[in-house]
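Given next are the chains, with one letter for each unit.
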Amino acid sequence: MQTKKPIGVFDSGYGGLTILKELQLALPTHDFMYLGDNARAPYGPRSYDTVYQYTLEAVDWLFDKGCDLVILACNTASAKALRTIQQKDLASRGSHKRVLGVIRPTTEVVGQFSSSKQVGIVGTKGTVESESYPTEIAKFFPDVKVFQHACPMWVPLIENRAYNTPGARYFIEQDLKSLLAQSAKIDTLLLGCTHYPLLLETIESLVPNGVKVLTQGAIVAASLVNYLKRHADMDASITKNNDCVFYTTDATLDFDAHAADFLGYSVESLPAML
Ligand code: DGL
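Bear in mind the structure is a predicted one, so any value in this text is a computation, not a measurement.

With respect to the packing of helix H2 (residues 48–64) against helix H4 (residues 82–89)
Part 1: Across the interface, H2 lies against H4 with an axial gap of 10 Å and an inter-helix angle of 60°. Judged on the interaxial angle alone, H4 and H2 are oblique. Between H2 and H4 lies a crossing of right-handed hand. Packed against H2, whose contacting residues are Tyr52, Thr55, Leu56 and Val59, the element H4 presents Thr84, Ile85, Lys88 and Asp89 at the interface.

A short note on the site of the ligand
Part 1: Looking at the ligand, there are 13 residues lining it, with Ser12, Tyr43, Asn75, Thr76 and His195 nearest.
Part 2: With respect to the ligand, the side chain of Thr194 contributes an N or O atom lying 2.8 Å from a nitrogen atom.
Part 3: Contact with the protein chains covers 99% of the free accessible surface of the ligand, which is 300 Å².
Part 4: Residue composition of the shell around the ligand, by class: five nonpolar, seven polar and one charged.

Notes on the packing of helix H1 (residues 16–26) against helix H11 (residues 217–230)
Part 1: At their nearest, the axes of H1 and H11 sit 8 Å apart, and the two run at 45° to each other. The orientation of H1 with respect to H11, classified from their angle, is oblique. The handedness of the crossing between H1 and H11 comes out as right-handed. Across from Thr18, Ile19, Glu22, Leu23 and Ala26 in H1, the residues of H11 making contact are Gly217, Ala218, Val220, Ala221, Leu224 and Val225.
Part 2: Taken together, the residues of the contact of H1 with H11 sort by class into eight nonpolar, two polar and one charged.

Side note on the sheet that holds strand S3 (residues 69–72)
Part 1: Within the open sheet, the six strands sit side by side as S4-S3-S1-S2-S9-S10. Their pairing is parallel. With one partner strand each, in any of the chains shown, strand S4 (98–100) and strand S10 (270–271) form the two edges of the open sheet.
Part 2: Where strand S1 (residues 7–11) lies against strand S2 (residues 32–36), five bridges are found, and the strand directions are parallel. The residue bridging Ile7 from the neighbouring strand is Phe32, located in S2.
Part 3: Sheet contacts for H1: S1, S2 and strand S9 (244–248); angle to S2, the most-contacted strand, approximately 175°.

Description of the packing of aromatic side chains
The description of an aromatic ring pair rests on the distance of the ring centres and on the angle between the ring planes.
Part 1: By the definition in use, this model includes 10 aromatic pairs.
Part 2: Ring centres of Tyr34 and Phe255 lie 6.2 Å apart, and the angle between their planes is 40°; this geometry places the pair in the tilted category. Taken together, the positions of Tyr34 in strand S2 and Phe255 in helix H13 (residues 252–263) put the pair 221 residues apart, joining distant regions of the chain.
Part 3: On the accessibility criterion, Phe255 (0% relative accessible area) is buried.
Part 4: Note on Tyr43 and Tyr54: the rings are 5.6 Å apart at their centroids and 55° apart in plane angle, and the pair reads as tilted. Highlighted residues: Tyr43 in the loop between S2 and H2 and Tyr54 in helix H2, separated in sequence by 11 residues.
Part 5: Residue Tyr54 is classed as buried on the basis of its relative accessible area of 14%.
Part 6: Grouping aromatic residues by their ring pairs yields a cluster made of Tyr14, Tyr34, Phe246, Phe255 and Phe262.
Part 7: Taking NZ or CZ as reference, Arg40 lies 3.7 Å from the ring centre of Tyr54, over its face.
Part 8: The side chain of Lys80 reaches across the aromatic face of Tyr48, ending 4.8 Å from its centre.

Observations regarding the sheet that holds strand S5 (residues 118–123)
Part 1: Reading across the sheet, the four strands line up as S6-S5-S7-S8 and stay open at both edges, with parallel pairing between neighbours. Of all the strands in the sheet, just strand S6 (145–150) and strand S8 (212–214) have a single pairing partner and so form its edges. The mean angle between the axes of side-by-side strands here comes to 25°, regardless of whether they run parallel or antiparallel.
Part 2: Pairing geometry for S5 and S6, over six bridges, is parallel. Bridging across to S6, Gln118 finds its partner in Lys145.
Part 3: Contacting S5, S6 and strand S7 (188–191), helix H7 (residues 132–140) crosses the sheet at an angle of about 165° to S6.
Part 4: Relative to S6, helix H9 (residues 166–180) is tilted by about 150°, and along the sheet it contacts S5, S6 and S7.

Brief notes about a nonpolar patch on the surface
Part 1: Together, Met153, Tyr170 and Phe171 make up an exposed nonpolar region whose accessible area comes to about 280 Å².
Part 2: If you trace the backbone, Tyr170 turns up in helix H9.
Part 3: By relative accessible area, Tyr170 is classed as partly exposed at 47%.

Cut-offs used in this document
- Residues numbered from 1 in each chain as written.
- Predicted model: local features only at pLDDT ≥ 70, side-chain atom pairs only at ≥ 80, totals over all residues.
- Heavy atoms only, no water.
- Axes fitted to C-alpha atoms, helices over the stretch in contact; angles between N-to-C directions.
- Helix = DSSP H or I, 4+ residues; strand = E, 2+ residues; numbered from the N terminus.
- Parallel < 35°, antiparallel > 145°, perpendicular 65-115°, else oblique.
- Left-handed = near helix turned anticlockwise from the far one by under 90°.
- Contact = heavy atoms within 4.5 Å.
- Near = heavy atom within 4 Å.
- Polar contact = N/O pair within 3.5 Å; in protein donor to acceptor, adjacent residues only side chain to side chain.
- Areas by Shrake-Rupley, 256 points an atom, 1.4 Å probe, with all protein chains shown as cover.
- Nonpolar A, V, L, I, M, F, W, Y, C, P; charged D, E, K, R; others polar.
- Pairing = 2+ DSSP bridges.
- Phe/Tyr/Trp six-rings, centres within 6.5 Å; stacked < 30°, edge-to-face > 60°.
- Buried < 20%, exposed > 50% of the residue type's maximum accessible area, 1.4 Å probe, protein only.
- Lys NZ or Arg CZ within 6 Å of the ring centre and 35° of its normal.
- Patch = residues over 30% accessible without salt bridge, like charges linked within 9 Å, V, L, I, M, F, W, Y side chains within 5 Å.
- Salt bridge = Lys/Arg side-chain N within 4 Å of Asp/Glu carboxyl O.

Purely geometric numbers; function is a separate question.
Right under this line is the structure:
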C-alpha cells in the first residue's frame, strides 16, 4: 500500500481553509492535510518567539505525518516564523522538506492590480508590525505605495462565528475608515489575513466604488501550481488520491461545524496534539 504524502496546510485556526479551498480547485487530485491550531488562535497579537515556536511545532507535526511540503496558509506565521524555519530549522529536518508561505506569492503580483499605485492592506497586528508587506512589495513594485492597518478584532469575530453581526460590521467599518483615511488614492485593498475572505461581502459593501478588494487564495494556488511545475521531484512525491484530512488542536465538532462555512462542504476532523 502506498504511504500517503499529502501537502500540509497550516493556519492558526480556520483562516487557512480559504487557501486550502483554492489549492484543491487548482490541484484537484493532490492529497492535502490541514492542521488548524484553533486551541491557540489567534496568533495575531502574539510575540515573534511565540508565533515561531507554535508554527515550528505545527510544521514538525505535519512533517511527522508524512508531509514533505507544508504551506503556511497564515500571514502572521509567514511574517514571523517562515524565514527562521527556512534558514535555521529545515536543514536538520531532511533535505527534501520544504515550507512555503503566503506573503511572497501575494507581493509578487499585488502591484499589478493597482492603477493609482496605492495599495491598502489590512491584516493582524503581527503581520502589520512585521512590515513584511511593505518590504516585500518594494522589491517587486518599487513604485507602489503601501498603506497598512491592523484589525485585531476581526479574527476573534470570525473564530467565534460572530462575523455576520451588527457588532462585527461596526468594527469592520471603523477599521476600513482608518485605512482609507491614509490616502484617497488607494484603489486596491488586499485582505492580508487568510481569515478575512469570510468578511468579503461586508467589506465590499463598505469600501467606495472603484476600490478592488483582493483575496489571496487564487494567488497562492497559482503560485503553488507554478512551484510544483518547477520542482518536479516534489510534485512526483505528493500522493494524488483527491484526499484531504483535517486536524484541529481544539474541539473537532466545533471545527466541523465552522469549517463548512469556509469550505462550502462538510468535513469530519480529527484531534491533534502539538
Ligand atoms: N489567518 C491568519 C493570518 O493570515 C491569522 C490569524 C490569527 O491571528 O491567528 O494572519
